[in-house]
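# Observations on the three-dimensional arrangement
Below, each chain spelled out in residue letters.
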Amino acid sequence: MVGAGPAGALCACSLARAGLSVLLLEKTHFPREKPCGGGLTPKAAALLPFSFQSVVEGEVKRAILCLPGVEALEINWDRPVCFLVRREILDTHLAEQARQAGAFLREGEEVVRIEETGEAVTVTTAGGASYRAQLVIGADGALSRVARLVGRPYPRHFALAAALIPPPAWAEKRDTILIDLEALPYGYGWVFPKIDHLNAGVGSFAATRELRFYWENFLRRNGLARPFRLRAHPLALAGKETELGRGRVMLLGDAAGLVDPLTGEGLYAAFRSAELAARAILEKGVGERAVSRYRELVKASLLREYHFAYRLARLFYRFLPLIARYFSSRPEKIRYFWEFLFFGGYAELFRRVGARYWEKLLCGYLN
Ligand SMILES: Cc1cc2nc3c(=O)[nH]c(=O)nc-3n(C[C@H](O)[C@H](O)[C@H](O)COP(=O)(O)OP(=O)(O)OC[C@H]3O[C@@H](n4cnc5c(N)ncnc54)[C@H](O)[C@@H]3O)c2cc1C
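Notes on the structure follow. Bear in mind the structure is a predicted one, so any value in this text is a computation, not a measurement. (Residues numbered from 1 in each chain as written. Predicted model: local features only at pLDDT ≥ 70, side-chain atom pairs only at ≥ 80, totals over all residues. Heavy atoms only, no water.)

## So, the packing of helix H9 (residues 302-318) against helix H10 (residues 320-328)
A pair of packed helices is captured by two measures, namely the crossing angle of their axes and the spacing between those axes. Stated precisely, the cut-off is as follows: Here an angle of 0 to 180 degrees is reported between the N-to-C directions of two axes, which are lines fitted to C-alpha atoms, with helices fitted over the stretch in contact. Secondary structure elements follow DSSP: runs of H or I of four or more residues count as helices, runs of E of two or more count as strands, with numbering from the N terminus. Angle categories: roughly parallel below 35 degrees, roughly antiparallel above 145, roughly perpendicular from 65 to 115, and oblique for all the rest. The contact criterion used throughout is that any non-hydrogen atoms of two residues lie within 4.5 Å. When residues are grouped by polarity, Ala, Val, Leu, Ile, Met, Phe, Trp, Tyr, Cys and Pro land in nonpolar, Asp, Glu, Lys and Arg in charged, and all others, Gly among them, in polar.
Running from N to C, H9 and H10 point in directions that differ by 80 degrees, and their axes come no closer than 5 Å. Judged on the interaxial angle alone, H10 and H9 are roughly perpendicular. Residues Leu-315, Phe-316, Tyr-317 and Arg-318 of H9 pack against Leu-320, Pro-321 and Ile-323 of H10. Classifying every residue of the contact of H9 with H10 by side-chain character gives 6 nonpolar, no polar and 1 charged.

Set out below in structure tokens:
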């Protein structure tokens, strides 16, 4: 397994628990940072086969939603609709779970070369060590080296996140998040409160070079102070460039390009792809047949959902002012939509509203 982020650690944990021998190579040392909002949805959290409560810094029960041309809306829930975590803490917890399950975790080992030779794959690290495996799983994130090997190009979309000292107005709002759909075209800005800071960022679903400009405006408009840590990172959105692997190489999470094209959520797909990869390997054995099975499983579930999400995203961001006007007088509808996205996912939305109806409507509209 190359990369011990959420996808790699969870997959390694499931395989080690099932008795397989798993080597988990991680280029950094935990705890390490990963630019992220740290919003963990209930549907993502439900995929964790162990407790994660110890790493939760906040439970979201209120959202302030800024939409173009209308007053900001406040939406309230009586149960948490998102958990707020810090990635350095969550990821350390996940890697520790994999280690406790029996995976061999080697930190400070950066994979620099992968060669497929007949019945095995050889992986070489920056320190000069080399390992032979029957299967290599690339879970090394959006800038994955393993993905380059199987031909996936670098992502074209980016998000930018920073830690801020909370202004007094935010001190009492640990259960409140801000989502600002006016912050930039084809994207949004967010503020997620953590125990000792605010995480504020912007993400774009259109390739833009002006992310920093939008982000500075977003901070100014919301009366937020200057950051003490600012990091940009690619968003490996699901779409035409998604690549799940071939031969004896599998790709998970960001390495495969599985970030939700409507919301930018990536932890759900990291966990789900990890779960499907482990299932494919346990069904088909460690080898090429598992890679084919994994592709089938992801295509039938995650990619089917994201096919729909991609079309929905194009409509949503394009017609946002109209949608904003519709929602502004019907906040209960936003609450309903939000719950689908964060609890059930698109599959649930599909089931409820009738897949055929939506596909026909959306495809007809776009083509
Ligand atoms: C600014 C920003 C905000 C985001 N906010 C959210 C959010 O709020 N909620 C959400 O669900 N998603 C969010 N996402 C997406 C989410 O962060 C990713 O989808 C998620 O981290 C993917 O997990 P992963 O395990 O696939 O990859 P990663 O988390 O990137 O983990 C990859 C691991 O591989 C290691 N690695 C890399 N290269 C090598 C190598 N050559 N050898 C060995 N190890 C290597 C890395 O050090 C890392 O530990 C955000 C993304 C960005 C950019």
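## Brief notes about the site of the ligand
Cut-off, in case you're wondering: Think of it this way: one heavy atom of a residue within 4 Å of a molecule or strand is enough to make that residue near it. Identification of polar contacts relies on pairs of N or O atoms within 3.5 Å, with a donor-acceptor requirement for protein atoms, meaning one able to donate a hydrogen and the other able to accept it, and with residues adjacent in sequence counted only if both atoms are side-chain atoms. For accessible areas, the Shrake-Rupley method is used with a probe of radius 1.4 Å. Any residue's cover is judged against the shown protein chains and nothing else.
The immediate surroundings of the ligand are formed by 40 residues, with Glu-26, Gly-37, Gly-39, Arg-87 and Asp-254 found nearest. Gly-37 is positioned with one of its backbone polar atoms (N or O) 2.8 Å from a nitrogen atom of the ligand. Note that an oxygen atom of the ligand is positioned 2.7 Å from one of the side-chain N or O atoms of Asp-254. Calculation on the ligand without its partners gives an accessible area of 1,000 Å², and the protein chains cover 94% of this total. Of the residues assigned to the shell around the ligand, the class counts are 18 nonpolar, 11 polar and 11 charged.

## Some thoughts on the sheet that holds strand S4 (residues 62-66)
Our working rule: Strands pair, by our definition, only if DSSP identifies at least two bridges between them.
Spatially, S5-S4-S13-S14-S15-S12-S16 is the arrangement adopted by the 7 strands of the open sheet, whose pairing is mixed. Among the strands making up the open sheet, the edge pair consists of strand S5 (73-76) and strand S16 (229-235). Here the average twist between neighbouring strands, direction ignored, is 20 degrees. Two strands pair when backbone bridges link them, and strand S14 (residues 187-193) and strand S15 (residues 198-204) are joined in this way by 7 bridges, in the antiparallel orientation. Looking at the pairing, Tyr-188 lines up with Gly-203 of S15.

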